[in-house]
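# Notes for the structure review
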Amino acid sequence: MSDLQSSVDSHKQSAAEQRLATPEGRLEFIKATLSCWLGTTMEYVDFALYGLATGLVFSKVFFPNVTPTVALLSSFATYSVGFLARPIGAIFFGRLGDRKGRKFVLVTTIALMGISTTLIGFIPSYATIGIWAPLILVMLRFVQGFGAGAELSGATVMLGEYAPPKHRGLIASIIGIGSNSGTLIASAVWLLVLMLDDEDVVSWGWRIPFILSAVIAIAATLIRRHVRETPVFEQEQNELKQRQAQPQPQPQTVTSTQSPVETPSSKTSFWARNKAFFVMLGLRIGENGPSYLAQGFVIGYVVESLKVSKTVATSAVFIASLLGFFVIPFAGWLSDRYGRRIVYRWFCFLLMLYAVPAYMFLETRDPFIVASIIVIGMCLASLGIFGVQAAYGVELFGVRNRYSKMALAKELGGILSGGTASLVASALLKHYQTWWPIAIYFAAMAGIGFFTTFFAPETRGRDLNAVEDAI
């Protein structure tokens, strides 16, 4: 199916538009948008808080008795633990989301993430309880990952299924704005924390951002409890009830010369068609790996290895987050105008070109150059490409397994790229003691996304009530 734009069914595609035509529907859309934005903000507050804390203080708080490089490696190892839980959460909650509804799952996942993130702020240091400190950190990271495994995909599915087809790229990109808001909030709070003395930051200051994250989690949970299900899911459930109410045909005896008749369930089972799953996997690797290197690993690298001031890195993240409020919706709009595939391909290509010059110029240690490299990397890898991926991922899958397939593909891609990116990059740095293997690793992951686009369909404007996957 090379161009799915022409396959949009005018009756089915209007489910979201019909609801938006009423005042009640517009109010539901606003609540759904707000809840998805807050939920994704919560997930990326967690990501950014943990990424910044890992690069800035966790090596001292939880791994004080080893060399700085080994401590950084150990900190990023605990960072990766959450990613091991994410596919488990994706499978568990994704199947629930396809059966029970998007809302049911999203209320649960935001509560899990909020509780575990807040509790991290209360973990005693290694100096207080010894080895129990990093063990508790690992346990809470696992719980975070279990909830986060279905949070981002669920919010993306909900917003994509609420959006009218012509503007789905732009509206679904609000998920990216949520991630950007989380990064912005986390970096802003960290900038305030870093105004304290270094000893105060390590002893108690780092706890403040984690504890304050409870405010976002509570607000998102309360709003999500009052959000209506998506029009696409409601229509699918209504059609399913109608099919179940119809008289079932009597089974026919199949002779040896007849071919078995394919039933709807055989065509729409979870593993019936896998190409879209692997396309999403490749697209995710091309985005997630570079994103975590551009936003997570580079913080620890410039602070611990290059000895650049902490405020340079956190200020760069803050500036990039501000720019994200323009970059993300612009990328979504571009995908509505020119198509998902070509815009995604260009972002991956630009990341491949960015890798070597970026890490080479970081070695200058010049504050302006270092900050500029971080800002550009985040705008390409963590913001722009993510704004395109939201609608693309939703449109790749059929309605009955959309949540579970998309969540699993994204989280497996996350493990293969983002979840291990900082750990692999730290190990490469420790072994080679230079920047170029990290740059090659960065470009290779972006290259996977680039080449995947040549096997991916164009899905812009696809009917989201279609049962089959896009390919």
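From a predicted model like this one, the values you see are computed outputs, not experimental measurements.

### Observations concerning the overall build of the protein
Check the secondary structure of the protein and you find 19 helices and 0 strands. Within the protein, the fraction of its 471 residues that count as buried is 59%. Sequence separation of 24 or more characterises 87% of the internal contacts of the protein that already satisfy a separation of 6 or more. In the structure as shown, the protein presents an accessible area of about 18,800 Å², 68% of it carried by carbon and sulfur atoms.

### Side note on the nonpolar core
By size, the foremost hydrophobic cluster in this structure holds 132 residues, and its most contacted members are Phe-58, Trp-190, Val-302 and Tyr-359. Of all the elements, helix H2 (residues 23-62) adds the most residues to this core, at 18 residues. Both domains that furnish three or more residues to this core are identified here as domain 1 (16-234) and domain 2 (272-455). When residues no more than four places from it in sequence are discounted, the contact partners of Tyr-359 are Leu-293, Phe-297, Tyr-301, Trp-435, Ile-438, Ala-439 and Phe-442.

### Observations concerning the side chain of Thr-33
The topology assignment puts Thr-33 in helix H2. If sequence neighbours within four positions are ignored, Thr-33 has contacts with Leu-159 and Ile-174.

### Side note on a nonpolar patch on the surface
A cluster of nonpolar residues, Leu-170, Phe-326, Phe-330, Trp-333, Tyr-338, Ile-342, Trp-346, Phe-349, Leu-350 and Leu-353, forms a patch on the protein surface that exposes about 990 Å² of accessible area. Of all the secondary-structure elements, those providing two or more residues to the nonpolar patch are helix H14 (310-338) and helix H15 (340-362). Broken down by element, the nonpolar patch gets its largest block of residues, 5 residues, from H15.

### Brief notes about helix H16 (residues 367-396)
In this model, H16 (30 residues) spans 42 Å end to end at C-alpha, consistent with the 44 Å of a helix rising 1.5 Å per residue. Most pronounced at Phe-386, the bend in H16 amounts to some 40 degrees. Most of H16 sits out of view: 25 of its 30 residues are buried. The N-capping residue of H16, defined by a side-chain oxygen 3.0 Å from the backbone nitrogen of Phe-368, is Asp-366.

### Structural notes on the packing of helix H13 (residues 275-305) against H14
H14 packs onto H13 with a crossing angle of 160 degrees between their chain directions and a minimal axis gap of 9 Å. One finds that H13 runs roughly antiparallel with respect to H14. The handedness of the crossing between H13 and H14 comes out as right-handed. Contacts from Ile-299, Val-302 and Val-303 in H13 reach Lys-310, Ala-313 and Val-317 in H14. Grouping the amino acids of the contact of H13 with H14 by side-chain chemistry returns 5 nonpolar, no polar and 1 charged.

### Here we look at the packing of aromatic side chains
Evaluated as defined, the whole model comprises 18 aromatic pairs. Here Tyr-301 and Tyr-359 contribute two aromatic rings whose centre-to-centre distance is 6.3 Å and whose plane-to-plane angle is 50 degrees, an arrangement assigned as tilted. With Tyr-301 in helix H13 and Tyr-359 in helix H15, this residue pair connects regions lying 58 residues apart in the sequence. Tyr-301 sits in the buried class, given a relative accessible area of 2%. The class of Tyr-359 is buried, set by a relative accessible area of 3%. Linked through ring pairs, Phe-297, Tyr-301, Tyr-354, Tyr-359 and Phe-442 together constitute an aromatic cluster. Stacked on the ring of Phe-454, the Lys or Arg Arg-345 has its end atom at 3.9 Å from the ring centre.

### Observations regarding the environment of Thr-128
Along the chain, Thr-128 falls in helix H5 (residues 126-129). According to the relative accessible area criterion, Thr-128 is exposed, its value standing at 59%.

### Quick notes on helix H19 (residues 436-452)
Side chains three or four residues apart in an α-helix point the same way, a direct result of the helix having 3.6 residues per turn. For H19, built from 17 residues, the straight-helix expectation of 24 Å at 1.5 Å per residue is met to within 8% by its first-to-last C-alpha distance of 25 Å. In terms of residue burial, H19 counts as a mostly covered element, since 12 of its 17 residues are buried. Among the residues of H19, those classed as buried are Pro-437, Ile-438, Ala-439, Tyr-441, Phe-442, Ala-443, Met-445, Ala-446, Gly-447, Gly-449, Phe-450 and Thr-452. Where H19 is buried, its residues touch H13, H15 and helix H18 (418-432).

### Side note on the confidence of the model for the protein
For residues with low pLDDT, the predicted coordinates do not support detailed interpretation. Counting all residues, the mean pLDDT for the protein is 83, and 87% of those residues have values of 70 or more. Low confidence marks residues 5-14, where pLDDT is under 50. Its contacts with residues over four positions away, or in another chain, come to 12 contacts. This stretch, residues 254-267, has a pLDDT under 50; its non-local contacts, to residues over four places away or in other chains, come to 5 contacts.

### Description of the packing of H13 against H15
For any two helices packed against each other, the geometry is given by the interaxial angle and the distance between the axes. In contact at an axis separation of 11 Å, H13 and H15 are set at 25 degrees when each is read in the N-to-C sense. Of the possible angle classes, the one that applies to H13 and H15 is roughly parallel. Crossing hand, H13 versus H15: left-handed. Along its contact with H13, which presents Leu-283, Arg-284, Gly-286, Glu-287, Pro-290, Leu-293, Phe-297, Val-298, Tyr-301 and Val-302, the element H15 presents Tyr-344, Leu-351, Tyr-359 and Leu-362.

What counts, and where the lines are drawn
- Residues numbered from 1 in each chain as written.
- Predicted model: local features only at pLDDT ≥ 70, side-chain atom pairs only at ≥ 80, totals over all residues.
- Heavy atoms only, no water.
- Helix = DSSP H or I, 4+ residues; strand = E, 2+ residues; numbered from the N terminus.
- Buried < 20%, exposed > 50% of the residue type's maximum accessible area, 1.4 Å probe, protein only.
- Contact = heavy atoms within 4.5 Å.
- Areas by Shrake-Rupley, 256 points an atom, 1.4 Å probe, with all protein chains shown as cover.
- Core = buried A, V, L, I, M, F, W, Y, C linked by side-chain atoms within 4.5 Å.
- Domains from an automatic or database assignment.
- Patch = residues over 30% accessible without salt bridge, like charges linked within 9 Å, V, L, I, M, F, W, Y side chains within 5 Å.
- Salt bridge = Lys/Arg side-chain N within 4 Å of Asp/Glu carboxyl O.
- Expected span 1.5 Å × (residues − 1).
- Bend = angle between axes of the 7 residues up to and from the residue.
- Polar contact = N/O pair within 3.5 Å; in protein donor to acceptor, adjacent residues only side chain to side chain.
- Axes fitted to C-alpha atoms, helices over the stretch in contact; angles between N-to-C directions.
- Parallel < 35°, antiparallel > 145°, perpendicular 65-115°, else oblique.
- Left-handed = near helix turned anticlockwise from the far one by under 90°.
- Nonpolar A, V, L, I, M, F, W, Y, C, P; charged D, E, K, R; others polar.
- Phe/Tyr/Trp six-rings, centres within 6.5 Å; stacked < 30°, edge-to-face > 60°.
- Lys NZ or Arg CZ within 6 Å of the ring centre and 35° of its normal.
- pLDDT = per-residue confidence, 0-100.

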